[in-house]
Every structure is written in C-alpha cells, then in structure tokens.
Amino acid sequence: MKKRKHRIMGDELSLEDALIILKRRFLAFIIPAIIIAPLGIVVVMLLPAKYSAQGTILVESQQIPTEMVQSTINSYAQERISTIRQRVMTRNRLLEVADEYELFPRSLGLSESERVTLMRNRLKVDLITTSAQARSSNRDNTIAFTVGYTDRDAGKAFLVANKFITLFLDEDVRSRTTGASNTTEFFDREAARLRDEVAKMEKRVADFKTSNAGSLPEHLNMHLNMLERARGELATAQSTTTQLEEERRFLETQLISGAHGDNSMGAELAALESQLARLRATYRDNYPEIVAKREEIASLKARMAPSQDITRLRDELSKTEDALTELERAAAPDPEAIAAAETDVETARNALSERISEETRKGSNDITGVQMEGRIAVIENRIRMQNKRIDETLAQIADLEARIARTPEVERGITALTRDYDNLFSEYQDVLAKRGNAQLAENLEENQQAEKFSILEPALRPDKPSSPDRPKLIFAAIILALGAGGAVALGLEMLQSRIRGRNHLASILDGQPIAVIPYIYSDADKKSRWPLAKPFAGKRGKHRHPVEQPEPAL
C-alpha cells in the first residue's frame, strides 16, 4: 500500500508540489549545494594544466602524370598513414623518444609498459578528408592529417609533436623507397631467371636442329631437288653401266673368236657364253649347270689369258681400285689417303696401257687380242667406277628419302619447341618492360616526385593549456552541487509520509477538496531569519489562521 502511495505521489507531483517541498526542505537542499560547489571548484582549479601541440601534414599528389609514369605504391594514403602509425608507435621507438626528451622522470617510478601506454594515449593522429560526396565514392579521400601530442610541459609537447611529425615523414619516404626498390629487385630476379630459361630453350632448339640437321623443314625443298637429281644420276649411271657391259661382252666375243688364231677355242668360248646366257635366262645363278658353265668358261679364258706382265698389272689395278673403294666407304674418310689411292689407281692404269703398247710394238703373235684385253680392262675399270657411283647414288637416295620421311616429325618437334620459346621469350620481354617501369617508379620515389607527405603546418609551442576547460568544469561542478542538494531534499521528503499539496490529497481521497487553505505566515514566521525553512501546512497549530473567503474547489 505504501509503494502504491509513493507511486501515486510520484505520478501526481506537480511544480507546485515541488516548490512546496523545496520550501519545506530548503536547508537540506542548500547546505549540500554550498558544501559541494566550492569543493568542486577547488578540485577543478587544482587540476594540472595540459598543453597540446599539433601539426598538419599534407598528402601531395604525384607531380608527374600517372599516364607517363605509374608508381609501384598503390595503397591509399589512409592505409599508409595507418601502417606508418603502427611503425612509429612501436614500443622501442616510443621509449627512445621518451628517453630523448625526458618525458617521464625516474622519480615517478613508471615501468616501460606504463610509459608506452601513456605516450600512446597522448599521441593523436586524425585524418582530414574531403567532402561527404567524395567520401561516398570508392577512392581515397584523405588530403591531410594532423599529428598532436599532449603533455604538462608546453615545451615538451611542442618538441615531441615535431619529433613524431619528422618520424612520419621519414617513415613514409623510407617505406615508399623500399617498396619501389623491392619491386625493382623482384623484376631483376625474374628477368635473370627468365633470361637463363630463354638461353636454355635456345640451346634446346639449337641442339634439336643440330641433331636433326638433315631433316629440317627449311631444307625440304632442297632435299626434294637433290633426290630428283640423284635419281637422274642413278638412271644415267645404270644406263652407262649397261652400255659398258654390252661393249665388254662384244669385245670378249671378238677376242674369243680371233684370239691367238685359234678359232676352235674362240668358237668354244662363244658357245659356252651362249649356253650360259640361255641357262641364266631360265635358272638362278646357283644352279649347278650355270656354276659348271662358269667354271668351263673360266678355264678356257685362263688358257686364252694374255701375258703374265699384263695379268700382273691388271691385278695391281684391281687391288688399287679396291683399296680406293674401301677408303671412300670408311666411316671417317681421309681426304689425303683417298687422293693417294686415286693416284695409285691412275698409275696402275697407265702402266697397264704402256705394257699393252709395248707388246703391240714387239709384234706379239696376238696383237689384236692384247689390244682387246686392254680395252676390256679399261671397260671393267669403268664398270667398277660406275658401280661405285651407283652404290653411292643409291646410298644418297636412301639417305635423302629417310631425311624427307623424318621431316614432318622434326617439324612437329621444332614447332613445339618454338612455341615454348616464343611464349617464354614473350614473358621475358614483358618482365623487362615491367622492370623498366619499376626502375622509373623507383627513380620517381628517390627524387620524391611521387605522392608524398609534406609539412603543411608545423607544430607550434602552445601558449595556453588545452585542458582542462575550467569554465565548463566549474559550471558542471555547480550543477552537480545543485543536483546533490535536490537529491538530499527529495530523499528526506520521501522518508516521511506527508500530504504534499492538493494533488497528493486528491489522489489519496479519489476526489477533489472542497477548499484549499493556503499557508498564512505568522508574525514570528515573518520575523524568522529562514522563513522558507519553516514547517508548512500547520506543524504548529498556533501559526495557522482561518481565512474568511475560502478558495473554490478545483
């Protein structure tokens, strides 16, 4: 019930009721206010003064158009400021600045962590941005920022603020220069790596072409022409060999028919040759009759053979020709040895011709046979040379055909290697171009012509403290004192159950009073030093006086 009464009293309390309470509890209100207000003012006046020094750093744009030289530092100014702030406010650097300017005397007994915390709280970095419209866009809108430091000593605040401004500028130059230099070094390493890979790829291409030099695509037309010429030479050599063989057979027939005047042996040799020809047309060379006929022909020729000197010279010619053939077919032909062997062949041939001429001049019984044998020897020599040429031409044709057959495969291999080389070389050229741009950007940073921080306003020595704001604090202390007095008065009033005005009475009775009799001050009340502090509404009945015309009920 009591809670309900208090709630009703609280709900029905009006300004008139508050004034009534204030009059009744004036001393309870004024005494705390009088005590607290002076104490608050004294405390405010005793607060130590703090001085703040602040400088402004401007974010300057790049001096050279970005279309001509692109900087490698692409971070926004706001990001760089935050990064530099973290680097500047490291523990070691803050302690170095504190020791340099003796910000915290040893008599205070502060630990390193406490000093670092105090310096971080005293250092303020605030950004200056453009309009709200620019801030709404997706680009950096920071045009400047301020660096300030607060200290009880105006001189130290001024020195430390300028120190941190210098640290911000130096760290910005160092970070931008280092970043640009790191970018250039990265592209240097990439260019060196790609250069080595390009060199290796070039060596691979060269080695592949060297190992397949005979089947390169660019030589295909030349090989086709060479193959056509070789086939023509082969046909010519074969035709010449056929003609020489026919001539040799004719001479042998002539020799057989008239050799040594013995027509019977010549006729017999011709008959054997004819029989051998017929057998060879029907059977293979290893057929027994063919072998037997060859042996008979060889025996008959031996009986019809020329002189021993001619036979010996003919054998020597055959040996020298065989030796020449072996030298030419060697894996690593020796030009000097081949030239010497050719000279030996020519010498043996001349010796044979001279011997035949000598026997002819001496009036040999078979001059015609000797001449024919000499011609046959020469023809056989030419046949051997033609056969050698045919073998060489056949080998050349086989080699050319093999080269032409391998050309498509070699072309695919070269195409693959060339494609890889072109891609690698293109990447290398791209890296070189980027390296050049990075070098320009590094020069731009070293000359401080890129975006940079510059001092717009240095920190000045403060001539008056920045805190505390004593007028505001004194006003707040007075308001606090008055609030405390009101709280005390209201508390005392709430502790006592009394009727506080007509609204309170109406809420209790659930009806309006018929009349309200105001408080009438007696002579004693009027003479009292604290008239407002007198009890209200008849605490002492002798001070109450009836009124002749009561106030109408509300």
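Residues numbered from 1 in each chain as written. Predicted model: local features only at pLDDT ≥ 70, side-chain atom pairs only at ≥ 80, totals over all residues. Heavy atoms only, no water.

Colleague: Any details on the pattern of salt bridges? Residues and values, ideally.
Modeller: Throughout the structure, instances matching the rule amount to 15 salt bridges. As a salt-bridge pair, arginine 122 and aspartate 151 come within 2.9 Å of each other at their nearest N and O atoms. Of the two residues, arginine 122 is situated in helix α6 (residues 112-122) and aspartate 151 in strand β3 (residues 142-151); the sequence distance between them amounts to 29 residues. Exposure remark for aspartate 151: the relative accessible area of 7% places this residue in the buried category. A salt bridge links glutamate 190 to arginine 193; the shortest N-O distance between them is 2.7 Å. Residue glutamate 190 and its partner arginine 193 are located together in helix α8 (residues 154-211), separated by three residues, close to a single helical turn. Using a relative accessible area of 21% as the deciding quantity, one classes glutamate 190 as partly exposed. Several salt bridges converge on common partners, so that one network encompasses Arg87, Arg93, Glu171 and Arg174. (Salt bridge = Lys/Arg side-chain N within 4 Å of Asp/Glu carboxyl O. Helix = DSSP H or I, 4+ residues; strand = E, 2+ residues; numbered from the N terminus. Buried < 20%, exposed > 50% of the residue type's maximum accessible area, 1.4 Å probe, protein only.)

Colleague: Would you mind going over the sheet that holds strand β2 (residues 123-129) in detail, with residue names and values included?
Modeller: The antiparallel open sheet is built from four strands, whose spatial order is β2-β3-β1-β4. Looking at which strands have only one partner, the edges of the open sheet turn out to be β2 and β4 (452-457). Strand-to-strand, the axes of this sheet are offset by a mean angle of 30 degrees, without reference to chain direction. In the sheet, β2 pairs with β3 via seven bridges, with the strands oriented antiparallel. Following the sheet pairing, leucine 123 is matched in β3 by tyrosine 149. (Pairing = 2+ DSSP bridges. Axes fitted to C-alpha atoms, helices over the stretch in contact; angles between N-to-C directions.)

Colleague: An account of α8 is requested, with residue identities and associated values reported.
Modeller: Taking 1.5 Å as the rise per residue, α8 with 58 residues should run 86 Å; its terminal C-alpha atoms sit 85 Å apart, in good agreement. Of the residues flanking the start of α8, the one acting as N-cap is aspartate 153, its side-chain oxygen 2.9 Å from the backbone nitrogen of glycine 155. (Expected span 1.5 Å × (residues − 1). Polar contact = N/O pair within 3.5 Å; in protein donor to acceptor, adjacent residues only side chain to side chain.)

Colleague: Hey, could you go over the environment of lysine 464 for me, with residue numbers and the actual values?
Modeller: Locating lysine 464 in the fold gives a position in the loop between β4 and α15 (470-495). On the basis of relative accessibility, which here comes to 60%, the residue lysine 464 falls in the exposed class. Put simply, lysine 464 and alanine 49 are 415 residues apart on the chain and 8.9 Å apart in space, counted from C-alpha to C-alpha.

Colleague: Account for the confidence of the model for the chain, naming residues and giving values.
Modeller: Looking at the chain, pLDDT values average 77 and 78% of them are 70 or higher. Every residue in residues 133-137 is under pLDDT 50, and counting partners more than four places away or in other chains gives five contacts. Here residues 259-263 scores under 50 on pLDDT; set against residues more than four positions off or in separate chains, the count is eight contacts. (pLDDT = per-residue confidence, 0-100. Contact = heavy atoms within 4.5 Å.)

Colleague: Mind laying out a nonpolar patch on the surface, listing which residues take part and the relevant values?
Modeller: Judged by side-chain polarity, Leu27, Ile31, Ile35 and Leu39 come together as a nonpolar surface patch covering roughly 360 Å² of accessible area. Checked against the element boundaries, leucine 27 lands in helix α3 (residues 26-46). Leucine 27 gets classed as partly exposed once you look at its relative accessible area, which sits at 37%. (Patch = residues over 30% accessible without salt bridge, like charges linked within 9 Å, V, L, I, M, F, W, Y side chains within 5 Å. Areas by Shrake-Rupley, 256 points an atom, 1.4 Å probe, with all protein chains shown as cover.)

Colleague: Just give me the short version of the packing of α3 against α15, but keep the residues and values in it.
Modeller: For the pair α3 and α15, interaxial distance at closest approach is 8 Å and the crossing angle is 155 degrees. Compared by their axis directions, α3 and α15 come out roughly antiparallel. The crossing of α3 and α15 is right-handed. For the pair α3 and α15, the contacting residues are Ala28, Phe29, Pro32, Ala33, Ile36, Ala37, Gly40, Ile41, Val44 and Met45 in the first and Arg470, Leu473, Ile474, Ala477, Ala481, Leu482, Ala484, Gly485, Gly486, Val488, Ala489 and Leu492 in the second. (Parallel < 35°, antiparallel > 145°, perpendicular 65-115°, else oblique. Left-handed = near helix turned anticlockwise from the far one by under 90°.)

Colleague: Could you give an account of the side chain of threonine 320, with specific residues and numbers?
Modeller: Mapped onto the elements, threonine 320 comes out in helix α12 (residues 308-328). The class for threonine 320 is buried, based on a relative accessible area of 18%.

Colleague: Go over the packing of aromatic side chains, please, and point to the residues and values.
Modeller: Using the criterion set out here, one finds six aromatic pairs in the structure. Centroid distance phenylalanine 186 to phenylalanine 187: 5.3 Å. Interplanar angle 70 degrees. Geometry classified as edge-to-face. Since its relative accessible area comes to 39%, phenylalanine 186 is described here as partly exposed. For phenylalanine 187, a relative accessible area of 15% puts it in the buried group. Geometrically, the ring pair formed by phenylalanine 425 and tyrosine 428 is tilted, given 6.3 Å between the ring centres and 50 degrees between the ring planes. (Phe/Tyr/Trp six-rings, centres within 6.5 Å; stacked < 30°, edge-to-face > 60°.)

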